Amino acid sequence: MRDVRVDGLRKAFGAHAVLTGVDLQVPAGSFTAILGRSGSGKTTLLRLLAGFERADAGAVRIGGQVVDGAGRYVKPERRRIGYVPQEGALFPHLTVAANVGFGLGRAGRRNGQADVLLAAVGLADLGGRYPHQLSGGQQQRVALARALATGPEVVLLDEPFASLDAHLRSSIRADVQRIFQRTGTTAILVTHDQDEALSMADQVAVLRDGGIVQHAAPPDLYGRPADPALAAFVGDANLLEGQLRAGGAVDTILGRLPLDPAAAAALAGPADSEVPDATEPVTVLIRPEQLEITPVPDGGRAAASCLAGRVVAFEYYGHDAVVRIQPDTGPASPLLVARTTGGARLGPGAQVAVTVRGTVLAWPRARQPAAAAGP
């Protein structure tokens, strides 16, 4: 097992700067996901790690050894890295076993190492088939077995599940996760799928504007994102205007809500700094699962401690439902998104009362300039 470290990595194609100073550390034996929107430079970063591209500046270290940077460059085939591309890229004229054994030496092919690897990915009986005789998920498992065939200490995965249907994608993710846990191989996955990153990885690094904006364990990334834009990217988010209050609370259209202690401390600043006044504007994050909704009978009224609203849309997914609510505070109020489990289906127009569970996060919001006085 080897760790991977990237320091100040830069890469441009012509006048277009793709990576503008990426810093990343991947511990040996861990599974790290690099998450970002399409076009954010995820695949470019992976290709630099593999050695398929040369960095313009910065350094890539694998197992403590520089493989790109400081005047040194190690070719891809000497980096002990396995690479799994998006579409598997299997050789169509070779059998499954021959595809897996392609990177093995003659001795490895003779001693049945390909069969051992196929068994490890759950394809023990399919070595004699050709790629076109396999499903998409089976092809991706073969590609993974081929990547593991040379005994790499690091495996790079370039959105390998993107072309699979939702059910198969979930199943293959779990299989791949188990394989890496069993082999102890350091793995780096690039993806634009938040669910994929959060469910598979030990650590998630979010790539934005050419750099890593946050690198954290999935619960920390989701529960304490670095800024509002990241909160909206990683999962659904209700981002509301609020006013900071003394005592670690914030006022919103949903009432006065307690701040997460870490967020309250960050907003207050150092102990010797000036404490923000009661009108300090902030942006407040409330996750959909924090909203509790209660139907209001016809002719009834929501309790004074609740926000009254009406259902605009109800999206049922079986395991849960997403409810979109228009607050009664006026048409300018933002739609709220709630995620619920169980309970009756709420049709459009249904009146509901909304409350918030738990603490919330908040970030400073730029003050709007005062309106100019009239003549």
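Fair warning: this is a prediction, and the values are worked out from it, not measured in the lab. (Residues numbered from 1 in each chain as written. Predicted model: local features only at pLDDT ≥ 70, side-chain atom pairs only at ≥ 80, totals over all residues. Heavy atoms only, no water.)

S.K.: What exactly am I supposed to notice about the packing of aromatic side chains here?
M.R.: Any two aromatic rings considered together are summarised by their centre-to-centre distance and by the angle between their planes. What the rule picks out here adds up to three aromatic pairs. Ring centres of Phe31 and Phe180 lie 5.7 Å apart, and the angle between their planes is 80°; this geometry places the pair in the edge-to-face category. With Phe31 in strand E3 (residues 31-35) and Phe180 in helix H6 (residues 166-183), this residue pair connects regions lying 149 residues apart in the sequence. According to the relative accessible area criterion, Phe180 is buried, its value standing at 4%. On the numbers, 4.8 Å between centres and 50° between planes, the contact of Phe91 with Phe102 is tilted. Here Phe102 lies in the loop between helix H2 (96-101) and helix H3 (106-110) and Phe91 lies in the loop between strand E7 (81-84) and H2, a separation of 11 residues in the sequence. Between Arg146 and the ring centre of Phe91, over which it is positioned, the NZ or CZ distance is 5.6 Å. (Phe/Tyr/Trp six-rings, centres within 6.5 Å; stacked < 30°, edge-to-face > 60°. Helix = DSSP H or I, 4+ residues; strand = E, 2+ residues; numbered from the N terminus. Buried < 20%, exposed > 50% of the residue type's maximum accessible area, 1.4 Å probe, protein only. Lys NZ or Arg CZ within 6 Å of the ring centre and 35° of its normal.)

S.K.: For this particular structure, what's the right way to read the nonpolar core?
M.R.: What tends to happen in soluble globular proteins is that the nonpolar side chains get buried as a cluster. One finds Val100, Leu144, Leu157, Val176, Phe180 and Val204 to be the most contacted residues of the largest nonpolar core, which totals 42 residues. The element best represented in this core is helix H5 (residues 136-148), accounting for six residues. Ignoring any residue separated from it by four or fewer positions in sequence, one finds Val176 in contact with Leu144, Leu157, Phe161 and Met200. Grouped together as the second largest cluster of nonpolar side chains are 27 residues, Leu254, Leu267, Leu307 and Ala338 included. (Core = buried A, V, L, I, M, F, W, Y, C linked by side-chain atoms within 4.5 Å. Contact = heavy atoms within 4.5 Å.)

S.K.: How should the sheet that holds strand E18 (residues 321-327) be read in this particular structure?
M.R.: Note on sheets: strands pair through backbone hydrogen bonds, and any given pair is parallel or antiparallel. As summarised here, the arrangement of the five strands in space is E16-E20-E17-E18-E19, forming an open sheet in which the pairing is antiparallel. The open sheet has two edge strands with one neighbour each: strand E16 (291-295) and strand E19 (336-340). Within the sheet, the average angular offset between the axes of one strand and its neighbour, ignoring direction, is 45°. (Pairing = 2+ DSSP bridges. Axes fitted to C-alpha atoms, helices over the stretch in contact; angles between N-to-C directions.)

S.K.: In this structure, what is going on with the sheet that holds strand E11 (residues 211-216)? I would like to understand it.
M.R.: Sheet architecture is open: six strands sit in the order E7-E8-E9-E3-E10-E11, paired in mixed fashion. Of all the strands in the sheet, just E7 and E11 have a single pairing partner and so form its edges. Looking at each pair of strands side by side, their axes are set apart by 20° on average, direction ignored. As paired elements, E3 and strand E9 (residues 186-191) share five bridges and run parallel to each other. By the bridge assignment, Phe31 is partnered in E9 with Ala187. The sheet strands contacting H5 are E7 and strand E8 (154-158), and the helix crosses E7 at an angle near 165°.

S.K.: Teacher, can you tell me more about the pattern of salt bridges here?
M.R.: Note that side chains of opposite charge can pair when their charged atoms are close. A full pass over the atoms with the stated rule returns 17 salt bridges. One salt bridge connects Glu53 with Arg47, and the closest N-O pair in it is separated by 3.5 Å. Residue classification places Arg47 among the partly exposed positions, given a relative accessible area of 30%. A salt bridge links Arg224 to Asp260, with the shortest nitrogen-to-oxygen separation between them at 2.8 Å. With Arg224 in the loop between helix H8 (218-223) and helix H9 (228-233) and Asp260 in the loop between strand E14 (255-258) and helix H10 (261-268), this pair connects stretches of sequence that are 36 residues apart. On the basis of relative accessibility, which here comes to 42%, the residue Arg224 falls in the partly exposed class. Classification of Asp260 by relative accessible area gives buried; the value is 8%. (Salt bridge = Lys/Arg side-chain N within 4 Å of Asp/Glu carboxyl O.)

Purely geometric stuff here, so don't read any function into it on its own.
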